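The primary structure of each chain is shown beneath.
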Amino acid sequence: VLSSRLRQLVADGLVETVSEGARSQYAVTERGRSLEPIVTALGRWWIQHGIKDLGVDVGRFTETSPRSILESLPLMLREETARDVDVTFEIRLTGEGGGAWTVRIENGSCEVRPGFATRPDVRYTADSSVWCGLALGLLDARDLVKRGELAKEGSREAMDHYFHQMTPPEAREGAS
């Protein structure tokens, strides 16, 4: 099924094959990138409505969940609050799917890369499943800190200020 869908995406000009030695890989074309606003809007809708409506269970995250959520952060950036910003977050996750990631916001854009940050402004440390629940707005950061499940070191900057998925749906509804 995957091979068939990839062939169709190539035929539609949305992705292209790129040779990497003996293996072929796929890369998004310019035409495919033109769909980014649509994909972003769908992602934001899902974060704002789908998570709550579907009753996502924090206990069911898998080892790939943290990486998937971290990789989606650039698409979930709140551009209105990220303009003229220069802040670096380090996310240290333990447990299944754990590791370290650097999240850099600079002048309205976001870059996420694996690895420790050089001089982060803020460092978050948590279990992977706890952080996934926090990142999707299912858990409250203040409660997690009080219970010792989330450690935050550094400046007062908070990720929930910059990303759509970091704010619980109830808080967004009350702020409207």
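Residues numbered from 1 in each chain as written. Predicted model: local features only at pLDDT ≥ 70, side-chain atom pairs only at ≥ 80, totals over all residues. Heavy atoms only, no water.

Peer 1: What should I look at first to understand the pattern of salt bridges in this one?
Peer 2: When charged atoms on two side chains of opposite charge get close, those side chains can pair. Per the counting criterion, the structure on display carries 9 salt bridges. Salt-bridge contacts for Glu90 lead to Arg123; the nearest nitrogen and oxygen are separated by 2.5 Å. Of the two residues, Glu90 sits in strand 3 (residues 86-94) while Arg123 sits in strand 6 (residues 122-127), which places them 33 residues apart along the sequence. Like Arg123, Glu90 is buried. With a closest N to O distance of 2.7 Å, Arg147 and Glu149 form a salt bridge. Residue Arg147 is classed as exposed on the basis of its relative accessible area of 51%. If you follow the salt bridges from partner to partner, you end up with Glu90, Arg92, Arg123 and Glu153 in one network. (Salt bridge = Lys/Arg side-chain N within 4 Å of Asp/Glu carboxyl O. Helix = DSSP H or I, 4+ residues; strand = E, 2+ residues; numbered from the N terminus. Buried < 20%, exposed > 50% of the residue type's maximum accessible area, 1.4 Å probe, protein only.)

Peer 1: Honestly, a nonpolar patch on the surface in this entry has me stumped. Any pointers?
Peer 2: On the surface, a cluster of nonpolar side chains totalling about 360 Å² of accessible area is made up of Leu35, Ile38, Val39 and Leu42. Along the chain, Val39 turns up in helix 3 (residues 36-54). (Patch = residues over 30% accessible without salt bridge, like charges linked within 9 Å, V, L, I, M, F, W, Y side chains within 5 Å. Areas by Shrake-Rupley, 256 points an atom, 1.4 Å probe, with all protein chains shown as cover.)

Peer 1: Got a minute to help me understand the environment of Asp160 in this structure?
Peer 2: Checked against the element boundaries, Asp160 lands in the loop between strand 7 (150-154) and helix 8 (169-175). When its relative accessible area of 36% is taken as the criterion, Asp160 is described as partly exposed. Taking C-alpha positions, Asp160 is 9.9 Å from Leu77, a pair spaced 83 residues apart along the chain.

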